[in-house]
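Letter by letter, the chains look like this.
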Amino acid sequence: MSDTNEPGDEKGGEGKKTLSLKRGGNTVRQSFSHGRSNTVVVEKKRRRFSAPGGAPASDAAPAVEVRPAAPKQPAPAAPKPTVESKPAPRAPQPPQNAGNTGSTILRQLSNDEQEARARALAFAREREEERKEQDAAAERERQERAEAERLAVEKRKEDEAREKAEAEARLAEETARAEEEASKAAMTAEANPAAPATKRAPEERVRKDAEEAKGGLKAYERPNKAAEPKPTRRTNERRRGKLTLSNALDDSERERSLASIKRQREREKARAAAKAPREKIVREVVIPETITIAELANRMAERSVDVVKMLMQQGQMLKASDIIDSDTAQLIAEEMGHKVTRVAESDVEGSLFDDVIVNENDPNATSRPPVVTIMGHVDHGKTSLLDALRNANVVSGEAGGITQHIGAYQVDNNGAKITFIDTPGHAAFTAMRARGAQSTDIVILVVAADDGVMPQTIEAINHAKAAEVPIIVAVNKIDKPAAEPSRVRNELLQHEVFVESMGGEVQEVEVSALKGTNLDQLLDAITLQAEVLDLKANADVIAQGTVVEAKLDKGRGPVATVLVQGGTLKVGDIVVAGAQWGKVRALVDDKNVQVKEAEPSKPVEVLGFNAAPEAGDRLAVVEDEAKAREITEYRERANRDKAMAKLTTQRGSLEQMLNQLQTSEMQHFPLLVKGDVQGSIEAIIGAIDKLGTEEVSGQVIHSAVGGITESDVTLAAASNSPIIGFNVRANKQARDLAEAEGIEIRYYNIIYDLVDDVKAAMSGLLSPERRETFIGNAEILEVFNISKVGKVAGCRITEGSVERGVGVRLIRDSVVIHEGELSTLKRFKDEVKEVASGQECGMAFANYEDMRAGDVIECFRVEHVERSL
């Protein structure tokens, strides 16, 4: 801090002053708010440094030796520093009198400090040059703008002068023309003074035209700016361009911008295009059974307002979201000039399954493996035979040693592939066998040589004949001692199955699945039959097939076993099966290996359905998800309508009303069924329906594929029904809830046990059978009236015996008068339990006294016997 102010520190005395030092003084003036100030004295202290020798030194003192006798010389005033001038660095001076402790040493600048000061000065010089260049550019821009404004003013003055000259010329021309017409009119008036006043009208018109012309000249004169009021700041005109001082002070009218003119022209073109008549575009409108007005207008590319207006003209007050029928929609579309195509709701399926049957003349058709279904009675060795053919052991995995699932496998026979479908033989799996026969090319009828033709064998023969597929008879278990193949052939003749050994056309092979006897002959017979059939399919069309089985896998979700019948099914295809759809995420063959595609006649497991489809549903590939959703929604509505129609009771004939009355009095046994696959559930429901009688019937309130969940337990609790799990289990939450609600969960893996338990439970709902046993008859000889007792009949036992407490009837003239119980049975004066035949006794009825001599009392015993289905 110095005792003088730096140059430029002094301000003009306006505003708030900063803390500063006055030049040549030791006081500082402080400024405060509200105009107050204060003067304070500043104490000056010099910063002291220690010299290398330990003596204190000051960097402000001159580097000379201190001489007390020398007078103090004032230092010359330093010149004012400028940005352009760079002060020369002070040359370092060697210390004088270093040994003298009273001398002062000046501080020398280091090289880094000198370089930093040089860089700062250079940077300041560059900034000053840039500022000068910016000022020069701004000055040039201002001069150019002023010159442009000056040229604009001159051009405007020239335009005004030119317009004024043109106006004066027009005025002179019109004045001369008017004077010429006036002179002609005057000459005409002098020549014909009797002319009417209307003839002299041109003179007045000429005079008015001249006055208007003079007025027109004023219109072209520039108005006086002093006389006109200045426009206010509230004017609606918007200033365009850069606002300058000359533009702000210029009140003359400015021209419109080019962008504004372009926008106006575009608006005019748009108005002209809107007013111009448009060419009518005729569209082909697809109209379903019901459609909303907005959707109809969208398909016609018309406005909804126009359609609503047309309906209002016809007297129908509707809005755009209302639904109209197809007839009304057709009238509207035709009146608006469009073509109409009517479609039904069922048309959404379209030609979904048209290409399954391959035409013999199809050039793209190629040979495909045959599909063989193994059918027969239960425990005749169907699955064992298939295991021997494919070297597997499926039987070991089946509960109870019987097949309860339908399976599909593919076997390679010397390069030729054969697809096998295994069906259960239990009576409950009739629908499975029917599906197997419908989706197959050849049926192998397995008959045990030691058992012969059985009921399910006959049923399989009927299914094969109904499907019109050839049959190959496989006589199994020929290795057993009791095997009689000739007996099997004779029994097949009764059902019109004529084997080749009996002079027929049906091939037969005697095999042993246990020892593998003649399996190669069976495969050769299948190959020969396939060659005769000449099976072909087109692998280039959209894939289509049949759902053989469906289940809900815990780790993979809904899984459907599909037999591809035509086309090639690939990963990523959008498929529809029944009321379910999905995108194929994976394809797994019978060996549990993932494949990319499935050709015709190849069975695969399809993963990716949104829910497990029904077994037997047709599968097809569609183009997109929207089409799949549309088809499935239609099928869901159709299934729901069928279910509602089945549940809805309708009034019909008297016989139907009586049947409904009997049905209403019938007792129902509610059940909730959960199974592992769709085919098993179907078989269980069919078996339960067959157990019903006129008094009791089984009612499956819910059935689904998958494990037992909490929602199933809640539904069972609401309907008070037990839960049956077939090859599935309940999770922990469901078990806890079932225990809390008191709901019974039964687990089964063999359908025999399930059917037997349900049958026993339904038998408990049957009312017990009432059986009446005759004991004896007694004839009334006399009726006695005893006080405090009532009437007592004196009887003789004519047949059998009479017991107290059993049922009795009073018969008069062979007509039953009363039926009740004995209240008194006496022998002389003693109460007895039984009176034998030929003896006399006294008998009294409970609450009945109308007894006469000669009546017969019949004694009987009633027993209630439990019934079963």
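Quick notes on the rules
- Throughout, a residue's number is its position along its own chain's written sequence, starting from 1.
- Per-residue local features of the predicted model are confined to residues with pLDDT of at least 70, and side-chain atom pairs are confined, for both listing and counting, to 80 or more; whole-chain, interface and lining totals are unaffected and use all residues.
- Where side-chain values are given, they derive from all heavy atoms of the structure, hydrogens and water being excluded.
- By salt bridge we mean one thing: a side-chain nitrogen of Lys or Arg within 4 Å of a carboxyl oxygen of Asp or Glu.
- Secondary structure elements are taken from DSSP: a helix is a run of H or I of four residues or more, a strand is a run of E of two residues or more, and numbering for both begins at the N terminus.
- Partly exposed residues are those whose accessible area sits between 20% and 50% of the maximum for their type, while under 20% is buried and over 50% is exposed, using a 1.4 Å probe and protein chains only.
- Two residues form a contact once any of their heavy atoms are found within 4.5 Å.
- What the arc describes is the spread of directions from the helix axis to the C-beta atoms.
- A pair of strands is labelled paired if DSSP reports no fewer than 2 bridges between them.
- Interaxial angles span 0 to 180 degrees and are taken between N-to-C directions of axes, which are lines fitted to C-alpha atoms, for helices over the stretch in contact.
- Every residue gets a pLDDT, meaning the predictor's confidence in that residue, from 0 to 100.
- Exposure above 30% relative accessible area and no salt bridge define the residues that can form patches, which grow by joining like charges within 9 Å and nonpolar side chains of Val, Leu, Ile, Met, Phe, Trp and Tyr within 5 Å.
- In these tables, accessible area is a Shrake-Rupley quantity obtained with a 1.4 Å probe, and a residue counts as shielded only by the protein chains included in the view.

Novice: Is there a simple way to explain the pattern of salt bridges in this structure?
Specialist: Scanning the entire structure with this criterion turns up 35 salt bridges. Here Lys-155 makes a salt bridge to Asp-159, at a shortest N to O gap of 3.4 Å. Note that Lys-155 and Asp-159 are positioned in helix α1 (residues 111-191) at a spacing of four residues, about one turn of the helix. Classification of Lys-155 as partly exposed rests on a relative accessible area of 48%. The closest approach of N and O atoms between Arg-812 and Asp-855, which form a salt bridge, is 3.1 Å. Taken as a pair, Arg-812 in strand β33 (residues 807-812) and Asp-855 in the loop between β37 (840-845) and β38 (856-865) lie far apart in primary sequence, 43 residues in all. Here the residues in one salt-bridge network are Glu-772, Arg-809, Glu-819 and Glu-858, joined through shared partners.

Novice: Please explain the environment of Val-856 as it appears in this structure.
Specialist: As for its placement among the helices and strands, Val-856 is situated in strand β38. For Val-856, a relative accessible area of 29% translates into the label partly exposed. Those residues in contact with Val-856 that sit more than four places away from it in its chain are Asn-777, Ala-778, Arg-809, Leu-810 and Ile-811.

Novice: When you look at helix α16 (residues 710-719) in this model, what are you seeing that I'm missing?
Specialist: Two residues of an α-helix separated by three or four positions point the same way, owing to the 3.6 residues in each turn. For α16, the set of buried residues is Asp-712, Val-713 and Ala-716. With its buried residues spanning 100 degrees around the axis, α16 presents them on a single face. Exposed side chains of α16 directed beyond 90 degrees from the buried face belong to Ser-711 and Ala-718. Next to the buried residues of α16 lie β26 (667-675), β27 (696-705), β28 (723-726) and α17 (732-741). In the segment just after α16, Asn-720 is the residue with positive phi, at about 55 degrees.

Novice: Which parts of the structure should I look at to understand the sheet that holds β26?
Specialist: Hydrogen bonds along the backbone pair up the strands of a sheet, which may run parallel or antiparallel. Taking strand neighbours across the sheet as the criterion, the four strands line up as β27-β26-β28-β29 in an open arrangement whose pairing is parallel. Two strands in the sheet have a free side with no partner beyond their single neighbour: β27 and β29 (745-748). Sheet twist, expressed as the mean angle between neighbouring strand axes with direction ignored, is 25 degrees. When β28 meets β29, the two strands line up parallel, connected through four bridges. When the sheet's bridge partners are listed, Phe-726 is paired in β29 with Tyr-748. Contacts from helix α15 (residues 678-690) reach β26, β27 and β28 within the one sheet, and its direction differs from that of β27 by about 170 degrees.

Novice: Before we go on, may I ask you to explain the confidence of the model for the chain in this structure?
Specialist: Keep in mind that low pLDDT regions are not for reading the predicted coordinates in detail. For the chain, the average pLDDT comes to 76, and 73% of its residues sit at 70 or higher. The low-confidence segment residues 194-203 (pLDDT under 50) makes one contact with residues lying over four places distant or belonging to another chain. Taken together, the stretch residues 648-653 has pLDDT below 50 and engages in three contacts with residues farther than four places along the chain or on a different chain.

Novice: Would you mind going over a nonpolar patch on the surface with me for this structure?
Specialist: There is a patch of nonpolar side chains on the surface, built from Phe-784, Ile-786 and Val-789 and spanning about 270 Å² of accessible area. As for its placement among the helices and strands, Ile-786 is situated in strand β30 (residues 769-786). Among the residues examined, Ile-786 registers a relative accessible area of 40% and is labelled partly exposed.

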